Amino acid sequence: MLGNVRTLILTFLHAFQSRVTVQYPEERPYLPPRYRGRIILSRDPDGEERCVACNLCAVACPVDCISLQKTEEQGRWYPEYFRINFSRCIFCGFCEEACPTYAIQLTPDFEMSEYNRQNLVYEKEDLLISGTGKYPDYSFYHVAGVGIPGKERGTSEHERPPVDLHTLLP
Amino acid sequence: MHILALTSACISILGAFMVITRRVAVHAVLYLVVTLLALACVLALLGAPFAAALEVIIYAGAIMVLFVFVIMMLNLGKPDRDRETEWLRPRAWVGPAALASILGMELLFGLRTLSGTGITFQITPREVGLSLFGPYVLMVELASFLLLTGLVTAFHIGRHWPGEH
Amino acid sequence: MTLLALVGIVITPLVILGLATLLTWVERRLLGVWQNRCGPNRVGPGGVLQAAADGIKILFKEDWTPPFADKGVFVLAPAIGMMTVLLSFAVIPLTFSSSIAAGLNVGLLFVLAMMGLGVYAVVLAGWASNSKFALLGGMRAAAQMISYEVFMGLALMGVVMMTGSFSLRDIVMAQSGLWFVLPQCVGFVVFLLAGIAETHRLPFDLPEGENELGAGFHTEYSGMKFGMFFIAEYAGIVLVSALITTLYLGGWQGPILPAPIWFTLKTTVLIGFFILLRAALPRPRYDQLMALGWKILLPLSLLNIVVTGAVLLLHTAG
């Protein structure tokens, strides 16, 4: 009986404590940069697409919501199409972890509700942003040993020139 | 006032008729409640509001609820209804109906002789109490003995003896 | 006089219905306040129109009657619940002169009678729904409400003995010196608990018991028929609060402020207390509820009657 009275008093005193509710549309909660929200595809500092269509993100995805097709243009790989079905996506961030080129990244944006489910399927043009995302100085082709137009093999950072197999000199 | 009382009386008679003709037990009990409420209205209009209130509280509000409760627990279905229709042959109800109608006619005849003066006084709860605990105190005590006996019996029957399943 | 009474008869139910509807919002706001939340605050200023929005929503919902239900009784049950509560308000005196039938010399018994009839709403809803959960809820309601009616009536007898009348107006007038909540504190507590059980409010909402009976007696109800049960429950809270105000807290009496404001103030505080109970306390088990009633409240209220009677006798003798 006394315990009940004590409960009543304690509950009543809760009226004078601060609210935990965040009045969302007017008052937005702070989301840290590494919050796992809407997925984007970033570009390298030169403005080219970072994605090399390696399919690792599609493999890592536990709900199979990523679909892409590789194409090639002068030694540089691109996705021909890149499709994320956000009605399936669980925002686990495995794709970001799997990506070898920092192309696919999760952003602190979650306001992507739609009335039509079909609108939740994002194509490459919806996903691509013009910036570099969380890794501003990284460019995969500048550290990889692949030759592309404007960068011969062996001219990448930390890369020695290619060995000339036709000479016997050390 | 007369019209209200007569309407209530008619409703109570109609309700009583419906009670004995309904097939579903709960419907019959509901009509019985309607009858009791109509009777309470009649009592109130005749100047006995205390009796009317008690009628509603005790009969309509408590006893009839228990009836509904028991009927709910019994879960009567179609077979029970069929059995009941089989029991209700004219042979079974003609005799009582004839006797009751004779009684009713006698009552109607008797009512004619009563003088038709309206109600001029009200029986307040105080007067009821004074007469209950004044001239009728023995009756009240006897009734309370009876109720006490009922209570003790119910307690004895419903008691859970240790070691008994 | 007759015209005035007719206007009162029309206005009182409307006001009560409006209050009960508003109370659904007040309760949700207050529950929020006591749970460090905000509660519904979007629709209209401070969320006031939430009640209206809910009302419109429930009016436009499909009013479905299950094919296995007993249709007539199924429709009748919520109407009984609503009607008995609204009728009870007829005898509540807002002030000395403003009420429909406050002078009724069996006013208190009238309220008890209406509460007794209110049991039918729940029991018949449970029976007519023709489903297990509803039936169990209805049976629980029948046992709970009949039991607590006993303690409620017995607790009230103390007040009646001190006043010497069943009329609510006389009862308020008898409290001009001292509110009955002090000399009748035991009766007050018993009546409060019985009032909660009688309106089957939390923590005594076993007939509805969401976690074990679906929604109890109104499992099969939807649309406005459910809405009527809902509104009747809130009107019941207003009724019990107004009754406690009238019987134990001196009704409209109080210094400085005008009479209706005192009455409203006391009733509002009690309604808030009812909501606080809901916010704070868990629901007891069914046998605990019955044990509380028959083993604690019944002896307490009988003792209250005996002691009150003895004191009154000594007082008049001496």
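Worth saying up front: this structure is predicted, and the values here are computed from it rather than measured.

Participant: So, the interface of chain B and chain C: which residues are in play, and what are the values?
Facilitator: On the side of chain C, 19 residues touch chain B, which itself brings 15 residues to the contact. Counting residues per element, the side of chain B that touches chain C draws most heavily on helix α3 (residues 49-74) of chain B, at twelve residues. Split by residue class, the side of chain B that touches chain C holds 13 nonpolar, two polar and no charged.

Participant: Lay out the pairing of strand β3 (residues 76-85) of chain A in plain terms, naming residues and giving numbers.
Facilitator: Consecutive side chains along a regular strand alternate between the two faces of the sheet. Residues and elements named next belong to chain A. Here strand β2 (residues 66-73) runs beside β3; their pairing, made up of eight bridges, is antiparallel. By the bridge assignment, Ser67 is partnered in β3 with Arg83. Linking two consecutive strands that pair antiparallel, namely β2 and β3, is a turn of two residues; a positive phi of about 55° is found at Gln74 within it. Alignment of β3 against strand β5 (residues 121-122), held across two bridges, turns out to be antiparallel.

Participant: If you had to explain the UniProt feature "transmembrane region" (unreviewed entry) in chain B to someone new, which residues and values would you point to?
Facilitator: Residue and element names in this part refer to chain B. Residues annotated in UniProt with the feature "transmembrane region" (unreviewed entry) correspond here to residues 28-46, 53-73, 93-111 and 132-157. In this annotation, residues 28-46 is assigned 95% helix and 0% strand; the end-to-end C-alpha distance for the span is 27 Å. Across residues 132-157 one finds 85% helix and 0% strand; the C-alpha atoms that close the span lie 32 Å apart.

Participant: Go over the UniProt feature "transmembrane region" (unreviewed entry) in chain C with me, naming the residues and quoting the values.
Facilitator: All names here are of chain C. In the UniProt entry, the feature "transmembrane region" (unreviewed entry) is given for residues 6-26, 73-96, 102-125, 146-166, 178-197, 226-249, 261-280 and 292-314. Between the C-alpha atoms that bound residues 226-249 the distance is 33 Å, and the span itself is 96% helix and 0% strand. Counted over residues 261-280, helix gives 100% and strand 0%. Its end C-alpha atoms are 28 Å apart.

Participant: So what about helix α7 (residues 137-157) of chain B? Which residues, and what values?
Facilitator: Here α7 of chain B is 21 residues long and its end C-alpha atoms lie 30 Å apart, about the 30 Å a rise of 1.5 Å per residue gives. For α7 of chain B, the tally of buried residues reaches only zero of 21 residues, placing the bulk of the element at the surface.

Calculation rules
Residues numbered from 1 in each chain as written. Chains lettered and ligands numbered in written order. Predicted model: local features only at pLDDT ≥ 70, side-chain atom pairs only at ≥ 80, totals over all residues. Contact = placed C-beta atoms within 7 Å. Helix = DSSP H or I, 4+ residues; strand = E, 2+ residues; numbered from the N terminus. Nonpolar A, V, L, I, M, F, W, Y, C, P; charged D, E, K, R; others polar. Pairing = 2+ DSSP bridges. UniProt positions renumbered as here; feature names shortened; annotations may be inferred. Expected span 1.5 Å × (residues − 1). Buried ≥ 20, exposed ≤ 12 C-beta atoms within 10 Å, placed from the backbone.

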